[in-house]
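# A closer look at the structure
Now for the letters of each chain:
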Amino acid sequence: METKNGDLFSIWNYDGKIVYEDIIEATKDFDIRYCIGTGGYVSVYKAQLPNGKVVALKKLHRLEAEDPTFDKSFKNEIKMLTEIRHRNIIKLYGYCLHKICMFLVYEYMKMGSLFSILSNDDEAMQLDWMKRMIAVKSIAHALSYIHHECGQVIVHRDISSNNILLNSELEAFVSDFGTARLLDPNSSNQTLLVGTYGYITPELAYTMIVTEKCDVYSFGVLALEILMGTHPGELLTSLSSSSSPQNMMLNEILDQRLPPPNRLVARDVFFVATIAFACLRAKPKFRPTMKWVSQEFLSHKKPKMNPLHAVSLWQLRNQETYAVGESACCSIENHIV
């Protein structure tokens, strides 16, 4: 058995009573001084344990703890995160489930959410083009893992910039699996509509059927948001309208707070934009799988291309696609010189 000052959260069969007492002491019984964020039904606290480890605690508000819906979401997150292990998925160190005190213990992410970073000019500039490209690829690898490498398909259902956390090195991690769902191949997978407005795939509003292509669409939105520095909602609306501008160029939508990407990074930016638009296809069957996206990123393709100011969004939006079985792939050869 580990000692009280040992690394109590490195294993699952820790002495729960000692850990609980350490957390109560570290946060002075969840004093507001240690609160680093709050949401609709949870508050997040920062705590330093006796062994020096800094952790984040997501605590369910007391009234919500009595609500079966929130209780189910908390337990669902525990179930998911105890079964999956990936370097770009937030680590769950432990939890406490008690009717008067429910909380989850995570690794601490110093920089907070991607949304908060992109909303702050100084922090957004720290997240330079190279770091943004790495973040997009890391998220793709994490989603490929839960879709294709967990035995049973797991759909996150709430991929958004609020649910991507970054550590002190600005590495990206997928978090918040409270609404994640295991897909049953023998079920219709119908569900209540959940997710964050602006990231939810259009067909879910009328089919209510969850598939992994729901996450693919959300990833497309998120990838564009990372390129633009802001949510692409207005852009997607304008591109889908009959009067959409035919001559808007890729370089025009990039985050203007950063200097233009150099020639090498520009290839990655172009490639990410190409994949993002493929993920945003209206028909789910024409979207790529996250496994395909992940493999494309791992292939380190560096296609020759036109300069970013010569690549139009209309071209990216209307790139050729072809389906192979249930997997959709995209062709970028029209843009390659």
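Parameters and conventions
- Residues numbered from 1 in each chain as written.
- Predicted model: local features only at pLDDT ≥ 70, side-chain atom pairs only at ≥ 80, totals over all residues.
- Heavy atoms only, no water.
- UniProt positions renumbered as here; feature names shortened; annotations may be inferred.
- Helix = DSSP H or I, 4+ residues; strand = E, 2+ residues; numbered from the N terminus.
- Pairing = 2+ DSSP bridges.
- Axes fitted to C-alpha atoms, helices over the stretch in contact; angles between N-to-C directions.
- Phe/Tyr/Trp six-rings, centres within 6.5 Å; stacked < 30°, edge-to-face > 60°.
- Buried < 20%, exposed > 50% of the residue type's maximum accessible area, 1.4 Å probe, protein only.
- Lys NZ or Arg CZ within 6 Å of the ring centre and 35° of its normal.
- Contact = heavy atoms within 4.5 Å.

As annotated in an unreviewed UniProt entry, the protein carries the name non-specific serine/threonine protein kinase and comes from Quercus lobata. Recorded in UniProt under Subcellular location (unreviewed entry), the annotation for the protein is "Membrane".

With the exception of glycine, most residues fall at negative phi, and the peptide bonds are largely trans. The phi dihedral of Asp29 is positive, around 60°, even though this residue is not glycine. Looking at the element boundaries, Asp29 is found in the loop between helix H1 (16-26) and strand E1 (35-38). Located in the positive-phi region is Leu170, a residue other than glycine, with phi close to 65°. Checked against the element boundaries, Leu170 lands in the loop between strand E8 (164-166) and strand E9 (172-174).

For the rest of this paragraph, the subject is the sheet that holds strand E4 (residues 92-98). Pairing is antiparallel across the open sheet formed by 5 strands, whose spatial order is E1-E2-E3-E5-E4. The sheet terminates laterally at E1 and E4, the two strands that pair on one side only. Neighbouring strand axes in the sheet, compared pairwise and without regard to direction, differ in orientation by 20° on average. Taken together, the 6 bridges between E4 and strand E5 (residues 101-107) define a ladder with antiparallel strand orientation. Bridge assignment links Tyr95 to a residue of E5, and that residue is Leu104.

Moving on, we get to the packing of aromatic side chains. Counted under the stated rule, the structure contains 3 aromatic pairs. Judged by centre distance (6.1 Å) and plane angle (80°), the rings of Phe271 and Phe297 are edge-to-face. Remark: Phe297 occurs in helix H12 (residues 290-298) and Phe271 occurs in helix H11 (residues 263-279); sequence separation between them is 26 residues. Look at Phe297 and you get buried, because its relative accessible area is 5%. Among the aromatic residues, those joined into a cluster by ring pairs are Phe30, Tyr45 and Phe103. In this arrangement the basic side chain of Lys59 is found over the ring face of Phe30, its NZ or CZ atom lying 5.3 Å from the centre. Lying across the ring of Trp129, Arg132 places its NZ or CZ 5.5 Å from the centre.

Attention now goes to the pairing of strand E3 (residues 54-60). When you tally the buried positions in E3, you get 6 out of 7 residues, the bulk of the element. Note that strand E2 (residues 42-48) and E3 share 7 bridges and pair antiparallel. Bridge pairing in E3 places Val42 opposite Leu60.

On to the sheet that holds E8, then. The antiparallel open sheet is built from 3 strands, whose spatial order is E6-E8-E9. The open sheet terminates on both sides in strands that have one partner only, identified here as strand E6 (112-113) and E9. Note: E6 against E8, 2 bridges, orientation antiparallel. Looking at E8, one finds that Ser113 is bridged to Leu165. Seen against the sheet, helix H6 (residues 129-148) touches E8 and E9 and runs at an angle of roughly 25° to E9.

Judged from the 3 bridges that link them, E1 and E2 form a sheet pairing that is antiparallel. If you follow Gly37 over to E2, its bridge partner there is Val44. What sits between E1 and E2 in their antiparallel hairpin is a turn of 3 residues. Linkage of E2 to E3, two consecutive antiparallel strands, is achieved through a turn of 5 residues, within which Gly52 is found at a positive phi near 95°.

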